[in-house]
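# Observations on chain architecture
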Amino acid sequence: MLNQSLFFLFPLITVLAGIGDLLTMKIPNRITMALLAGFCIAAPFAIGWNPSVLAGHLGAGLIMLVVGFAFFAFGWIGGGDAKFAAVAALWLGLPQLLAFVVFASVFGGILTIALMLFRYVPLPQAAERVVWIDRLHTLAEGIPYGLALAASALAVYPKSIWINLLY
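To keep things clear, this report deals only with the structure shown in the data block. All of these numbers come straight from a predicted model, not from anything done at the bench. (Residues numbered from 1 in each chain as written. Predicted model: local features only at pLDDT ≥ 70, side-chain atom pairs only at ≥ 80, totals over all residues. Heavy atoms only, no water.)

This next bit is on the nonpolar core. Ranked by internal contacts, the top residues of the largest apolar core, which has 42 residues, are F10, F39, F84, F100 and W162. Taken together, the elements giving at least two residues each to this core come down to α1 (2–24), α2 (29–46), α3 (51–73), α4 (79–92), α5 (94–118) and α8 (145–156). The leading source of residues in this core is α4, at 10 residues. Excluding residues within four positions of it along the chain, F10 makes contact with L35, A88, W91, L92, A153 and Y157. (Core = buried A, V, L, I, M, F, W, Y, C linked by side-chain atoms within 4.5 Å. Buried < 20%, exposed > 50% of the residue type's maximum accessible area, 1.4 Å probe, protein only. Helix = DSSP H or I, 4+ residues; strand = E, 2+ residues; numbered from the N terminus. Contact = heavy atoms within 4.5 Å.)

The following block contains the structure:
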């Protein structure tokens, strides 16, 4: 039972992060901290204390943290996105890191194009009164890239080591 609970921890919190970013344009630190704490609790069950596997997960998180903060420094993504990408990579590990980055690039590009097109279409008055829709429609706002990161993490997750928790 504990194994199945741990298996669903990452997808559940990841979905919350993606939806939260879509609605508020923010990924709160409590989301990334919950994922980090969840990894620390779940890792011994899935990974054990195998140093090479653990190093692969820590390495993936560190690589994504450095890349994410470089992207943040250039203004390409928000700080919450950078932290969320790093903790998602921590869960996915090195074997899934490239797939995660490719999916994030593709999903992020699709999201960006879709939002840019959406922003040039007039909103019905009823939609203008919905705060999060109006925010997404505003040209000066950024892109809720956490949504693309969450979708990417969920796309890659079934190939990760965590699937072993179900068996």
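The subject of this paragraph is the environment of M25. Within the secondary structure, M25 sits in the loop between α1 and α2. Along the backbone, M25 and V156 are 131 residues apart, and their C-alpha atoms lie at a distance of 23 Å. For M25, the contacting residues outside a window of four places in its chain are G20, R135, L136, E141, G142, I143 and P144.

When you line up the elements, D21 lands in helix α1. It is R135 that comes nearest to the buried, bridge-free D21 among opposite-charge side chains, at 8.6 Å. Residues contacting D21, with those up to four places away along its chain left out, are K26, I27, D81, P144, Y145, G146 and L147. (Lys, Arg positive; Asp, Glu negative; His and termini not counted. Salt bridge = Lys/Arg side-chain N within 4 Å of Asp/Glu carboxyl O.)

A separate point is α2. With 18 residues, α2 ought to run about 26 Å at 1.5 Å a step, and its terminal C-alpha atoms sit 25 Å apart, in line with that. The complete set of buried residues in α2 reads I31, T32, L35, G38, F39, A42, A43 and A46. The positive-phi residue at the C-terminal boundary of α2 is G48, with phi of around 70°. (Expected span 1.5 Å × (residues − 1).)

In this section: the packing of aromatic side chains. Applying the stated criterion across every chain yields a total of 9 aromatic pairs. Seen in terms of ring centroids, W91 and W162 are 4.5 Å apart; in terms of plane orientation they differ by 45°. Their pairing is tilted. Remark: W162 occurs in the segment after α8 and W91 occurs in helix α4; sequence separation between them is 71 residues. Residue classification places W162 among the buried positions, given a relative accessible area of 0%. Members of the aromatic cluster, connected to one another through ring pairs, are F10, F39, W91, Y157 and W162. (Phe/Tyr/Trp six-rings, centres within 6.5 Å; stacked < 30°, edge-to-face > 60°.)

With that settled, consider a nonpolar patch on the surface. Side chains of I63, V67, F71, F74, W76 and L94 sit close together on the surface and give an oily, nonpolar patch of about 620 Å² of accessible area. Considering every element that reaches the nonpolar patch, the biggest residue donor is α3, with 3 residues. Along the chain, F74 turns up in the loop between α3 and α4. (Patch = residues over 30% accessible without salt bridge, like charges linked within 9 Å, V, L, I, M, F, W, Y side chains within 5 Å. Areas by Shrake-Rupley, 256 points an atom, 1.4 Å probe, with all protein chains shown as cover.)

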